[in-house]
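Okay, here's what each chain looks like letter by letter:
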Amino acid sequence: MASATDPCSFSSFSKCVTKHLNLTYHVDFDSHVIKAKVALTVEVLVDNFTSLTLDTKDLKISKVTANGQAAKFALGPKHSFKGTPLEITLPFDLSRGQHVIVEVTYETAPSASALQWLTPEQTAGKKHPYLFSQCQATHCRSMVPCQDTPAMKHTYYAQVSVPKELVAVMSAVRDGQEPDPQDSSRVIYRFRQPVPMPSYLIAIVVGALESREIGPRSRVWSEKEFVDKAAFEFSETETMLKTAEDLAGPYVWGQYDILVLPPSFPYGGMENPCLTFATPTLLAGDRSLSNVIAHEISHSWTGNLVTNKTWEHFWLNEGHTVYLERMIGRSMESEQFRQFKAMGGWKDLQESVNTFGANNPLTNLVPNMNEVDPDDAFSSVPYEKGFALLYHLEELMGGPEVFMGFVKSYIQMFAYSSVTTEEWKKYLFTYFKNKVDILNKVDWNAWMHTPGMPPVKPQYDTTMADACIALCKRWVKTKEGDLGNFSEVDVKTLSTHQLIEFLSLLLQEEPLPLSHVKRMQEVYQLNAFNNAEIRFRWLRLCVKSKWEDAVPMALKMATEQGRMKFTRPLFKEVYNFDKYREEAVRVFVAHRAAMHPVTSNLVAKDLKSWGQF
């Protein structure tokens, strides 16, 4: 077994492992806390076992018992982002192989980093409050005292009491509901998750939710204002699930539902089992943006079924998921489409490396996470550098069918467990035992432990990108007097994906003259596009070219949704426009309280690093 420590967790998993959690939640919207009890079923791995450490963050612990007997407990010193270790001393000692049920009674803090409490005004319906959680990477400890490390996998059961006009859903199978016997104005929802999973995948949402069936094992959930639109957008879900099963093996989680969150959700999606969380920015456009859902579906195998053992090995989750997502795209669209998406991914990687700096150790595929907050390390590096490595290996080993055979076998081999890069690599060498001489030529140190761009740049098929590249070059080279040569015909034959790529390419160039972006708006009417990916790139392009009319639109987009992929770069573009620097700060301060805590903290850090705040 690899080392039994995790630099992001206080819990030592060499002495004991959590097998099951039983959660009892009372969601209190008035005080913005969850009053809770958790019973952890813990298996002991050593003899003379008398104490254990759990991760907590800002929790108010009132009582701890072990097998029903009072247990002594103490909270250790608070760490800036890891929270506070909860040291529990058992009233008896145990031997290897025995189990103990440790029950903790506690309350979350109103500022719990896993939870966002929305006022009715922050929802689509404007009538009821809303609560959602986001535990990845290390925020579960602010919601549940636990061994908060992806090395640990457990099942869970939950009972959640909420006001009866609201609905609760979790990352688990729904197991019925009943009136709360303690309070007739409340209802209890029950959930069970029989498949072992890491703590970061525990998720809860409470709000005025409705659902629609979108397939034999799928429903879409959201506020009623979005639900029918969401059902239409995600109608291809079952086709994607079947495509993924053909590639990766059976889907083991039973239900695959999608929950469309309010706009402040900080990510594009989150792969919570049985209930993928999705940003509403996916609803503003057309169904071609379903690659976010393809990505989250893929996580059902790579991430949820086979999990990175610690956050240093995050690329195992994300690199394989991007690989599988693009294989789904290949099956549903074409190989050219997969190549096109891979090229776009390489550009995203280049942008992340530029942002961090080419010598920054956080651009390593396997970074050292000692005293590093995983939120600060978040970028496209594990996704796209990971994908680039897998694509490079695919080329060396004999193509997509051959390499997908390995990926499927790796998933079967490590299903229900957590793995390190070393274990993955050892299995790669075992699976391709006839090609070890080729694998030995790979510069593993450059790929894994060296910052910056990968040592090998793949040669992707540019068929779908050529039109985007040609149009980009035309705009860059055209003199002001020749702007009349552009017309709406230029973009008529481009797909949504190609239009996004065209704008991405322009963003990599020097800013266009103001006359050019004004002409582009005249002929392509880009301000009228609701598709978030197009709008985000277009507004960045305009602000870069110092078009003052775009500034309020850019700040509006930065604050009316909270997806970090959009919000952080938009604030940065406006901040870099000297004349509007103070406006960027003013708008951030005005909207900060309504933002998700992870988003507001990172935008504040961005502004600080640019010399403000």
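Numbers given to residues run from 1 along each chain, matching the order in which its sequence is written. Thresholds applied to this predicted model are a pLDDT of at least 70 for local features of residues and 80 or more for the giving and counting of side-chain atom pairs; totals over whole chains, interfaces and linings are not thresholded and use all residues. Based on all heavy atoms of the structure, the side-chain values leave hydrogens and waters out of the count.

Q: I'm lost on the nonpolar core in this one. Help?
A: A general tendency of soluble globular proteins is for nonpolar side chains to be buried together. The set of buried Ala, Val, Leu, Ile, Met, Phe, Trp, Tyr and Cys residues whose side-chain atoms join them within 4.5 Å is what this entry labels a nonpolar core. Per-residue accessibility, obtained with a 1.4 Å probe over protein chains only, is compared with the maximum for each type, and a residue is labelled buried under 20%, exposed over 50%, and partly exposed between these values. Val 104, Phe 234, Trp 424 and Phe 502 are the most contacted members of the largest nonpolar core, which totals 205 residues. In this structure Val 104 touches Ala 36, Lys 37, Val 38, Leu 40, Leu 54, Ile 61, Lys 63, Val 64, Leu 86, Ile 88 and Pro 145, once residues within four positions along its chain are discounted. Of all hydrophobic cores here, the second largest spans 5 residues; its members include Ala 4, Phe 13, Ala 151 and Met 152. What makes two residues a contact is simply this: any of their non-hydrogen atoms within 4.5 Å.

Q: Explanation requested: the packing of aromatic side chains in the structure shown.
A: The rule is short: rings of Phe, Tyr and Trp, with Trp giving its six-membered ring, pair when the centres are within 6.5 Å, and they are stacked under 30 degrees, edge-to-face over 60, tilted in between. Applying the stated criterion across every chain, the model contains 35 aromatic pairs. With a centroid separation of 4.9 Å and 85 degrees between ring planes, the pair formed by Trp 315 and Trp 424 is classed as edge-to-face. Note that Trp 315 is positioned in helix H4 (residues 314-332) and Trp 424 in helix H9 (residues 421-431), a separation of 109 residues in sequence. Aromatic pair Phe 429 and Trp 444: ring centres 6.1 Å apart, planes at 50 degrees, arrangement tilted. Note that Phe 429 is positioned in helix H9 and Trp 444 in helix H11 (residues 444-449), a separation of 15 residues in sequence. In this text, helices come from DSSP runs of H or I with a minimum length of four residues, and strands from runs of E with a minimum of two, each type numbered from the N-terminal end.

Q: Sorry if this is basic, but what is going on with the UniProt feature "active site" (unreviewed entry) in the protein chain here?
A: UniProt positions are given in the numbering used here, feature names are shortened, and annotations may be inferred rather than shown by experiment. As recorded in UniProt, the sites labelled "active site" (unreviewed entry) are Glu 296 and Tyr 383. On the basis of their most widely separated C-alpha atoms, the annotated residues across 88 residues gather in one place, lying no more than 12.8 Å apart. A residue is classified by how much of its surface remains accessible, and Glu 296, at 5% relative accessible area, is buried. Filtering out sequence-adjacent residues up to four positions away, Glu 296 remains in contact with Tyr 256, Gly 269, Met 270, Glu 271 and Thr 276. By secondary structure assignment, the location of Tyr 383 is in helix H7 (residues 381-397).

Q: How should I be thinking about unusual backbone geometry in this particular structure?
A: Trans peptide bonds make up the majority, and among non-glycine residues the majority have a negative phi. Following Gln 136, the chain continues into Ala 137 via a peptide bond in cis, with omega recorded as 5 degrees. Structurally, Ala 137 is set in the loop between strand E10 (130-133) and strand E11 (154-163). Unusually for a residue other than glycine, Asn 67 sits at a positive phi of about 50 degrees. With respect to the helices and strands, the residue Asn 67 is situated in the loop between strand E4 (60-66) and strand E5 (69-70). Here Asn 67 falls in the partly exposed class, since its relative accessible area comes to 42%. Of note, Lys 126 is a non-glycine position whose phi angle comes to about 65 degrees, a positive value.

Q: Would you take a moment to explain the sheet that holds strand E6 (residues 72-75) for this structure?
A: The pairing of strands in a sheet comes from backbone hydrogen bonds and takes either a parallel or an antiparallel form. If you walk across this open sheet you meet the 3 strands as E3-E7-E6, and the pairing is antiparallel. Each edge of the open sheet carries a strand with a single partner, namely strand E3 (49-56) and E6. Here the average twist between neighbouring strands, direction ignored, is 20 degrees. Pairing between two strands requires that DSSP report at least two bridges joining them. Between N-to-C directions, angles cover 0 to 180 degrees, with each direction set by a line fitted to C-alpha atoms, over the stretch in contact for helices.

Q: Help me understand the pairing of strand E12 (residues 167-170), please; the structure alone is not making it clear to me.
A: Side chains of E12 alternate between two faces, with Val 167 and Val 169 and Ala 168 and Met 170 buried alike. The pairing of E12 with strand E15 (residues 204-207) spans 4 bridges and is antiparallel. Paired with Val 169 across the two strands is Val 205, which belongs to E15.

Q: Before we go on, may I ask you to explain the packing of H4 against helix H5 (residues 335-356) in this structure?
A: Packed helix pairs are specified by the crossing angle of their axes together with the interaxial distance, meaning the distance between the axes. Direction vectors running N to C along H4 and H5 enclose 145 degrees, while the axes themselves pass 7 Å from each other. Two packed elements cross with a definite hand, and for H4 against H5 that hand is right-handed. Of H5, the residues touching H4 (which contributes Tyr 323, Arg 326, Met 327, Gly 329 and Arg 330) are Glu 335, Phe 337, Arg 338, Lys 341, Ala 342 and Gly 345. Should the near helix be turned counterclockwise from the far one by less than a right angle, the crossing is left-handed, whereas a clockwise turn marks it as right-handed.

Q: Could you clarify how one ought to interpret the packing of H7 against helix H8 (residues 400-414) in this entry?
A: Running from N to C, H7 and H8 point in directions that differ by 120 degrees, and their axes come no closer than 8 Å. Comparing the axis directions of H7 and H8 gives the class oblique. Like other packed secondary-structure pairs, H7 and H8 cross with a definite hand, here right-handed. Residues Leu 390, Leu 393, Glu 394 and Met 397 of H7 form the contact with H8, whose participating residues are Pro 400, Val 402 and Phe 403. Note on terminology: angles under 35 degrees are roughly parallel, angles over 145 are roughly antiparallel, angles of 65 to 115 are roughly perpendicular, and the others are oblique.

Q: Mind showing me how you'd approach the domain arrangement of the protein chain here?
A: How big an interface is tends to be stated in terms of the accessible area lost upon association of its parts. Segmentation of the protein chain into domains returns domain 1 (10-198), domain 2 (208-300), domain 3 (310-449) and domain 4 (465-607). Boundaries of every domain are those given by an automatic assignment or by a domain database. In this structure, domain 2 and domain 3 have C-alpha centres spaced 24 Å apart. Across the boundary between the two partners, domain 2 contributes 17 residues, which contact 18 residues of domain 3. When two parts are brought into contact, each loses some accessible area as probed by a 1.4 Å sphere; the total of that loss over both is the buried area. Counting each side, the surface lost to burial between domain 2 and domain 3 is near 1500 Å², with a carbon and sulfur contribution of 68%. Salt bridges are identified by distance alone: a Lys or Arg side-chain nitrogen within 4 Å of an Asp or Glu carboxyl oxygen. Across the contact surface, domain 2 and domain 3 share 0 salt bridges. The definition of a polar contact used here is a pair of N or O atoms within 3.5 Å, where within protein one atom must be able to donate a hydrogen and the other to accept one, and adjacent residues in sequence count solely through side-chain atom pairs. The interface formed by domain 2 and domain 3 holds 5 residue pairs in polar contact (both at pLDDT 80 or more) in total. Elements that contribute at least two residues to the side of domain 2 that touches domain 3 include exactly helix H2 (237-248) and helix H3 (291-298).

Q: Mind showing me how you'd approach the sheet that holds strand E2 (residues 33-44) here?
A: Spatial strand order, E5-E4-E8-E2-E1-E11-E14-E13: 8 strands in an open sheet with mixed pairing. At either end of the open sheet lies a strand with only one pairing partner, and these are E5 and strand E13 (173-179). Where strand E1 (residues 16-28) meets E2, 12 bridges bridge the pair, whose relative direction is antiparallel. Across the sheet, the residue bridging to His 26 is Lys 35, located in E2.

Q: Explanation requested: the UniProt feature "binding site: a peptide" (unreviewed entry) in the protein chain in the structure shown.
A: Here the UniProt-annotated "binding site: a peptide" (unreviewed entry) positions come out as Gln 134, Cys 135, Gln 136, Pro 266, Tyr 267, Gly 268, Gly 269, Met 270, Glu 271, Arg 563, Met 564 and Lys 565. If you trace the backbone, Gly 268 turns up in the loop between strand E18 (257-260) and strand E19 (269-270). When its relative accessible area of 13% is taken as the criterion, Gly 268 is described as buried. In this structure Gly 268 touches Phe 277, Ala 278, Thr 279, Leu 282, Val 292 and Arg 563, once residues within four positions along its chain are discounted. Only 3.0 Å separates the side chain of Arg 563 from the side chain of Thr 281, close enough to count as a polar contact.

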